[in-house]
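Structural overview
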Amino acid sequence: MSEQSSIRNVLIIGSGPAGLTAAIYTARANLEPLMIEGEPSSTSDQPGGQLMLTTEVENFPGWPDGIMGPELMGRFREQALRFGTEIETAKVSRVDLSASPFGVWVGDPTTPEPTYRARSVIVSTGAQSLMLGLPEETRLLGHGLSTCATCDGFFFRDHDIAVVGGGDSAVEEALFLTKFARTVTLVHRRDELRASKIMRDRAHANEKIRFAWNSTVTAIHGENTVEGVTLVDTITGEERPLAVTGVFVAIGHRPNTDLFVGQLDLEESGYLITHRGSHTNVEGVFACGDVQDHVYRQAITAAGSGCMAAIDAERWLEANDVH
Ligand code: NAP
């Protein structure tokens with residue numbers, strides 16, 4: 001194989017709804033994409049992305065009866081493979097985006113030659129919800145413990161719920177949950193919210209919202225589903241139980257952009273900056289999904305942006321006569 005023919009047209013990093021949709025579209029455009037899908041390393045970081053940590057998904061159009069998150073991602077993957085996407089189960093350890101063809105390493109990042117070279121790269125590495133770090137989080141995520149009110153709020157009709165955090169996300173989640181819940185207790189480690197004034201005012205005005213100030217969650221109880229939490233007062237150290245059957249952790253998200261620091265433009269919060277659809281500041285490098293979206297964070301919006309990245313990449317390759 002000549003060096004020229006071993007250069008991939010499209011290399012996709014990450015395999016959530018965004019990356020897999022980009023794979024389906026670029027594969028159907030005969031671009032023979034290679035996807036590096038990641039590899040299982042922790043509960044919050046694995047191939048398939050955040051939907052692999054979800055139970056039932058009821059708001060993905062086309063599934064009127066709902067579908068389990070892992071099954072939905074399995075179907076995305078099957079569809080990407082059907083059109084010839086090559087998928088490698090590995091983690092990208094380094095990228096060189098200084099010039100096309102771009103260099104992508106898996107395994108040892110110190111080797112001088114990259115593992116792959118690609119004319120275009122689609123970044124879909126996603127984001128992770130920050131978690132409290134309690135051991136029971138792994139067991140209960142998707143079973144009364146959630147990181148997404150839009151996704152899961154509906155399942156908590158008439159429940160008493162705790163939302164952990166004091167920023168805009170926590171207040172937004174709490175307000176949304178009041179549509180379903182009997183009560184929502186905002187558990188915050190300080191005695192005032194970090195959230196913007198308008199959000200604070202809304203939270204204080206909502207009769208269903210209560211506040212557990214100066215409190216941290218030190219344990220979530222329940223074997224198969226959430227049955228309550230233990231709170232500790234950050235000032236007195238006193239422990240007390242809070243009877244809830246749902247816990248939403250809303251202490252922020254972290255985009256998976258470590259690989260791109262110094263090479264792609266990032267917002268202060270670490271998210272990739274895109275313009276004109278999915279274009280990054282480097283010609284030939286595109287980004288889609290949660291790695292560049294801290295606003296919507298839905299599977300369907302990620303999938304939509306994956307389609308955009310595929311079309312942008314296809315047009316860029318054509319315009320630059322490299323296909
Ligand atoms: P954030 O502003 O960083 O707030 C995170 C909150 O979680 C803080 O209150 C923090 O407490 C708390 N926290 C962090 N680690 C914790 C831990 N280990 N245990 C307990 N509590 C912990 O994050 P965000 O709310 O996700 O917002 C991120 C950005 O998006 C912000 O700029 C926000 O304004 C924006 N946003 C805007 C909207 C909107 O305008 N509608 C909605 C969502 C997000 P401390 O306060 O003590 O640090």
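Residues numbered from 1 in each chain as written. Predicted model: local features only at pLDDT ≥ 70, side-chain atom pairs only at ≥ 80, totals over all residues. Heavy atoms only, no water.

What to know about the overall build of the chain
Per the secondary structure count, the chain includes 7 helices and 19 strands. Computed over its C-alpha atoms, the radius of gyration of the chain comes to 21 Å, within 12% of the 20 Å expected for a compact globule of 323 residues. Counting only C-alpha atoms and orienting by the principal axes, one finds that the chain spans roughly 70 × 40 × 35 Å. Here the chain holds 323 residues, and the buried ones make up 50% of them. Within the chain, counting contacts between residues at least 6 apart in sequence, those at least 24 apart form 58% of the total. (Helix = DSSP H or I, 4+ residues; strand = E, 2+ residues; numbered from the N terminus. Rg over C-alpha atoms; globule rule 2.2 N^0.38 Å. Buried < 20%, exposed > 50% of the residue type's maximum accessible area, 1.4 Å probe, protein only. Contact = heavy atoms within 4.5 Å.)

Structural notes on the domain arrangement of the chain
Looking at the assigned domains, one finds that the chain contains domain 1 (6–127 + 252–318) and domain 2 (134–247). Just the C-alpha atoms count here: the centres of domain 1 and domain 2 sit 32 Å apart. Counting residues at the interface gives 9 residues for domain 1 and 11 residues for domain 2. With both chains or domains summed, domain 1 and domain 2 bury close to 790 Å², and 52% of this area falls on carbon and sulfur atoms. On the surface where domain 1 and domain 2 come into contact, there are 0 salt bridges. Of the residues contributing to the side of domain 1 that touches domain 2, the split by class is 1 nonpolar, 5 polar and 3 charged. (Domains from an automatic or database assignment. Buried area = accessible area lost by both parts, 1.4 Å probe. Salt bridge = Lys/Arg side-chain N within 4 Å of Asp/Glu carboxyl O. Nonpolar A, V, L, I, M, F, W, Y, C, P; charged D, E, K, R; others polar.)

Comments concerning the site of the ligand
Surveying the vicinity of the ligand reveals 13 residues, the closest of which are Asp168, Ser169, Glu172, Arg190 and Arg194. In the environment of the ligand, an oxygen atom lies 2.5 Å from a nitrogen or oxygen atom belonging to the side chain of serine 169. Contact between the ligand and arginine 190: an oxygen atom at 2.8 Å from a side-chain N or O atom of the residue. Here the ligand loses 64% of its free accessible area of 910 Å² to cover by the protein chains. Class assignment of the residues belonging to the shell around the ligand gives a composition of 2 nonpolar, 6 polar and 5 charged. (Near = heavy atom within 4 Å. Polar contact = N/O pair within 3.5 Å; in protein donor to acceptor, adjacent residues only side chain to side chain. Areas by Shrake-Rupley, 256 points an atom, 1.4 Å probe, with all protein chains shown as cover.)

Looking at helix α7 (residues 299–319)
In this model α7 runs 30 Å from its N-terminal to its C-terminal C-alpha over 21 residues, within 8% of the 30 Å that 1.5 Å per residue would give. Every buried residue of α7 is accounted for by Ala299, Ala302, Ala303, Ser305, Gly306, Cys307, Ala309, Ala310, Asp312, Ala313, Trp316 and Leu317. If you follow the buried residues of α7, they end up packed against β1 (8–13), α1 (17–28), α2 (69–82), β8 (116–123) and β19 (285–287). Immediately downstream of α7, the backbone of aspartate 321 shows phi near 55 degrees, a positive value. (Expected span 1.5 Å × (residues − 1).)

Describing the pairing of strand β17 (residues 246–249)
Burial along β17 is two-sided: the face carrying Gly246 and Phe248 and the face carrying Val247 and Val249 are both buried. Taken together, the 2 bridges between strand β10 (residues 145–146) and β17 define a ladder with parallel strand orientation. By the bridge assignment for β17, leucine 145 is matched with valine 247. Pairing analysis gives 4 bridges linking strand β11 (residues 160–164) to β17, with the strands arranged parallel. Looking across to β17, one finds that valine 163 is bridged to phenylalanine 248. (Pairing = 2+ DSSP bridges.)

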